[in-house]
Structures are given as structure tokens and as C-alpha cells.
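Notes for the structure review
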Amino acid sequence: ASLFGLFDPSIYGKETENWATQAKGQDIGNLLAIVVLIVSGYLFRKGSFKAGFLWLGTLWYLIYAYVVYAMAVHFNALFLVYVAVLGLCSYAVILTISDMKRQVIECRDLPALRFASYVIIGIGILFGMLWLSEIIPALLTGKVPQSLQDAGLWVNPIHVIDLAIVLPGFIITGYFALKGKVRGLFFLAPWLTFSVLMGLSIVAAMIMMTIQGVGSTLAPMIMVSLVVLFSFVALWRYTNKIT
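Below you will find a few notes about this structure. Since the structure is predicted, the reported quantities are computational estimates derived from the model, not experimental observations. (Residues numbered from 1 in each chain as written. Predicted model: local features only at pLDDT ≥ 70, side-chain atom pairs only at ≥ 80, totals over all residues. Heavy atoms only, no water.)

1. Some thoughts on the overall build of the protein chain
Of the regular secondary structure elements, the protein chain holds 9 helices and 0 strands. When the helices and strands of the protein chain are listed from N to C terminus, the series reads α-α-α-α-α-α-α-α-α. A compact globule built from 243 residues should have a C-alpha radius of gyration of about 18 Å, and the protein chain, at 18 Å, falls within 12% of that. For the protein chain, the proportion of its 243 residues judged to be buried stands at 49%. The contacts in the protein chain between residues at least 6 apart in sequence include a share of 78% that link residues at least 24 apart. With the model as given, the accessible surface of the protein chain reaches about 12700 Å², and the carbon-plus-sulfur share is 71%. Within the protein chain, one finds 15 positive and 10 negative side-chain charges whose respective centroids are separated by 16 Å. (Helix = DSSP H or I, 4+ residues; strand = E, 2+ residues; numbered from the N terminus. Rg over C-alpha atoms; globule rule 2.2 N^0.38 Å. Buried < 20%, exposed > 50% of the residue type's maximum accessible area, 1.4 Å probe, protein only. Contact = heavy atoms within 4.5 Å. Areas by Shrake-Rupley, 256 points an atom, 1.4 Å probe, with all protein chains shown as cover. Lys, Arg positive; Asp, Glu negative; His and termini not counted. Charge placed at Lys NZ, Arg CZ, Asp CG, Glu CD.)

See the structure below:
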């Protein structure tokens, strides 16, 4: 699906230039995610519980991405593929997560745990404030946000998914992890994996937008790159210390 999106002009032919470019950036992120999914899935199947966290986070990323493809891209030849990927990834999580959560998780390295927790909480707050800084003024003035006009959408599905599920998930997970709660310790690594992959796809989209002259993206590109860096370091430190 991602290869067709990148190389077949008809796939995003009905989208605005802005939204099509963002979709192609997501396609690049998807190709990277597939590599992570295959490697982590193989290691998880061989008995590496830590690889299971990466596998789970990658599935979350793909679910997020394909909700957007299935709901916010004009009907095209890949529609059933979008739906199939979304369904397969969703059921992979549903049928696996209960068994994974039975595993006892401990992290005796408090600095690594705290760093990972504060990073995921900080990202949740940062992007929450960023989206609300665009949404609230638009609500007060009764105007459609500029990003919606550029993308040619009725509403932005990314705002919906982030504000309803992802960003609260980041903050709640970080809080519970700091308290030493099992649900926080379990979800911390998958959310950090999700953050790394999503951040990389956003950076890829911004690079493509810069190349094609679709808006100014240098400042947000630097910000998201830092998010990717901090998420990766936090993920690496935390997964090396959990047992």
C-alpha cells in the first residue's frame, strides 16, 4: 500500500497537494515500521519479551496510520487494502495483549524509568497544547483552522485520534509508570515505540513538503526531530533495564 502511495499518482490524485504530501510522508514511515514489525515480531516469536513491546508499539502505529487512510483519504483502488491492514493489526493486538500483560514487569533503574516517564508525559502535553492552540482560537472566532483548509478536510482525524486517545494515553501511562503501577510499566515501551515511528513519519512528510514548497516546516521539523531523539533514547534506556 505504501509503495503504491509513493509511486502511483492516481492513489492521492483527489487530495490537495498538502494532504497528499503528508500521506506520502506517512507511507515512508510505514515502510520503516514494517521493517521494525518484522524484526521485532521474529524476535518476539523466538521468546524475547522486550521485542514484544516494540512489536506492539509498531502495531499501534499502523492502526493509527490506517485509520487515517481508511477514513480521511478519498476512495481509491487501495481502500480494501487499508481496511484489511487496519483489521489485521487491530486483531493482532486484541489477540496478543492479554497474554503479554500477564508477564511480570520490573524496572529497578529509577533514573531510566523516570526519564522515560517524563519524556512520554512531556510529549503528550506538548502536542496537546500544540493542537489546542490551533483548535481553540478557531472555535472562538468561528473560523476553520488553516491546516484544515490546506488539507481539504472537514475535520482533522489526527486531532481527533491524538486528543481522544494517544495524548491522554501518553500522559496516563507516564503517570502510572512513575507510581510503579503495572499498567504504566507495561504500556511505556509500546507508546515510546509509537512515538519514534510516528515522529519519523512526520519528519519525512515535512521534508517532502519542504522539497515541494508546500509551506514552511523548518521549525516544526526541528521540534519533531527532538521528540524522536528523546523518545528513542528513553525507549532504549528503559527496555535495557526492564526485566
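2. Description of helix H7 (residues 157–178)
With 22 residues, H7 extends 30 Å between its outermost C-alpha atoms, agreeing within 8% with the 32 Å of an ideal straight helix rising 1.5 Å per residue. Taking the largest bend as the criterion, H7 deviates by roughly 50 degrees, centred on Leu-163. Looking at H7, one finds that the buried residues are Pro-157, Ile-158, His-159, Ile-161, Asp-162, Val-166, Leu-167, Gly-169, Phe-170, Thr-173, Gly-174 and Ala-177. With a side-chain oxygen lying 2.9 Å from the backbone nitrogen of Ile-158, the N-terminal cap of H7 falls on Asn-156. Phi turns positive, to about 75 degrees, at Gly-180, one or two residues after H7. (Expected span 1.5 Å × (residues − 1). Bend = angle between axes of the 7 residues up to and from the residue. Polar contact = N/O pair within 3.5 Å; in protein donor to acceptor, adjacent residues only side chain to side chain.)

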